Structures are given as structure tokens and as C-alpha cells.
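Working through the structure, step by step
These are the residues of each chain, in order.
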Amino acid sequence: MSDPASPRRVLESLLQGISQGRWTDLADLYAEDAVVEQPFAPLPPRRLEGREAIRAHFAAAAQGPLRLEASNLVVHDTADPEVVIAEFDYEGQVTTTGHTFRVANIQVLRVRNGRIVSSRDYHDHLALAAAVGRLQGLVSSIASPPAEP
């Protein structure tokens, strides 16, 4: 039986919670001073600092139109016993339109004393943005001429 506080088990708990739609419970997996980075999120890259910011992010996700299920999980151990690298896909659905999609992910997770202290997520954010219709808004904002002062 594996240690429930191990990086691998914490990662599995995180992805299981996302897949089951238990967004509001997920912040409890993070340390008080945890940092979550999503460097390729559109408008702008996202950095969440502290459990309360992470909790607010998950609360907003719970109200959003996306339903996600993690699949095809491959976990790579590293030389650092606190760090794992995960490759997985999100099989998703936009509940307002019924549109389904798949988003590839790589996540680097550092876990200490059973809590996530840092996470760096490399989602295919353009695919995710397109799935929820944000890409159209992004393209429009780039293509529109700036407003006159």
C-alpha cells in the first residue's frame, strides 16, 4: 500500500477530485503558502499564490461550464522525492453547449508533508480556450484596432 502523503497519491487525489467535480474540496490538498502556475494560460498566464487564492480559483471553476475527467495518466518519479511529473489528458465537456474536447497536460508537482507546495501546469490552453469559446474573444481583441484616446 502506498503512502497517502506521497506526491503520487496526492496527485491522484487531485485528479480524482477534478474528475468527480469536487472542486471546493481541492484547496485542502494545498499548503497554506502554495503556488500554482499555468504559464501558457491565455489572458494572461496565471499564477495563484496561497491556499485562499487557490480556493477562490476552484470555487469559480465549480460554477463554470466545464466538466473534466482526467485520463491516460502517466506519472514520472524524479530524483527529488518531493517532485513528480504527470502526463494526462482532460476529457471535457462544455455543459452549456454539449461540446466535448480533449486537452493534453503536463504537470510538475512538489508535495511536502502530504500537501502540494507548488504546481506548474502546462495545459494546451488554446484547445481549452477554443472549447469554451474564449479563443474567439482573444482573436477579436488582437484584431481590433486600439480605441482612440
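The preceding data block contains the structure.
In this report, we go over the structure that sits alongside the text. (Residues numbered from 1 in each chain as written. Predicted model: local features only at pLDDT ≥ 70, side-chain atom pairs only at ≥ 80, totals over all residues. Heavy atoms only, no water.)

To continue, consider the pattern of salt bridges. Summed over the entire model, instances satisfying the criterion amount to 14 salt bridges. As a salt-bridge pair, R55 and D28 come within 3.5 Å of each other at their nearest N and O atoms. Here the residue R55 occupies a position in helix α3 (residues 51–63), and D28 occupies one in the loop between α2 (23–26) and β1 (30–38), the gap between them amounting to 27 residues. If you follow the salt bridges from partner to partner, you end up with E37, R47, E49 and R120 in one network. (Salt bridge = Lys/Arg side-chain N within 4 Å of Asp/Glu carboxyl O. Helix = DSSP H or I, 4+ residues; strand = E, 2+ residues; numbered from the N terminus.)

This next bit is on the environment of T24. One can find T24 in helix α2. Relative accessible area serves as the criterion here: at 53%, T24 is assigned to the exposed category. Taking C-alpha positions, T24 is 9.2 Å from A60, a pair spaced 36 residues apart along the chain. Beyond its immediate stretch of four places on either side in the chain, T24 contacts R55 and A62. (Buried < 20%, exposed > 50% of the residue type's maximum accessible area, 1.4 Å probe, protein only. Contact = heavy atoms within 4.5 Å.)

Once that is clear, we can look at the nonpolar core. With 30 residues, the main nonpolar core has I18, Y30 and I116 as its most contacted residues. For this core, the elements supplying multiple residues, two or more each, are α1 (7–19), α2, β1, α3, β3 (66–77), β4 (83–94), β5 (100–112) and β6 (115–123). Each residue touching Y30, except ones within four places of it in the same chain, is listed here: L14, V36, R51, I54, F58, R115 and I116. (Core = buried A, V, L, I, M, F, W, Y, C linked by side-chain atoms within 4.5 Å.)

The next thing to look at is the sheet that holds β5. Strand-to-strand pairing in sheets goes through backbone hydrogen bonds, with the strands running parallel or antiparallel. The sheet built from 6 strands is open, its strands ordered β2-β1-β6-β5-β4-β3 with mixed pairing. Both edges of this open sheet fall to β2 (46–49) and β3, since each of them pairs with a single strand only. Adjacent strand axes in the sheet meet at a mean angle of 20 degrees, parallel and antiparallel pairs treated alike. Strand contacts of α1: β1, β3, β4, β5 and β6, with the helix running at about 165 degrees to β3, the strand carrying the most contacts. Running over the sheet, α3 touches β1, β2, β3 and β6 and is turned about 60 degrees from β1. (Pairing = 2+ DSSP bridges. Axes fitted to C-alpha atoms, helices over the stretch in contact; angles between N-to-C directions.)

Note: β3 against β4, 10 bridges, orientation antiparallel. Bridging across to β4, L66 finds its partner in V94. Hairpin connection of β3 to β4: 5 residues between the antiparallel strands.

For the rest of this paragraph, the subject is the side chain of N105. With respect to the helices and strands, the residue N105 is situated in strand β5. The buried category is assigned to N105, whose relative accessible area is 4%. Polar side-chain contacts of N105 include one of 3.0 Å to the backbone oxygen of V103. For N105, the contacting residues outside a window of four places in its chain are A86, E87, F88, D89, Y90, Y122 and H123. (Polar contact = N/O pair within 3.5 Å; in protein donor to acceptor, adjacent residues only side chain to side chain.)

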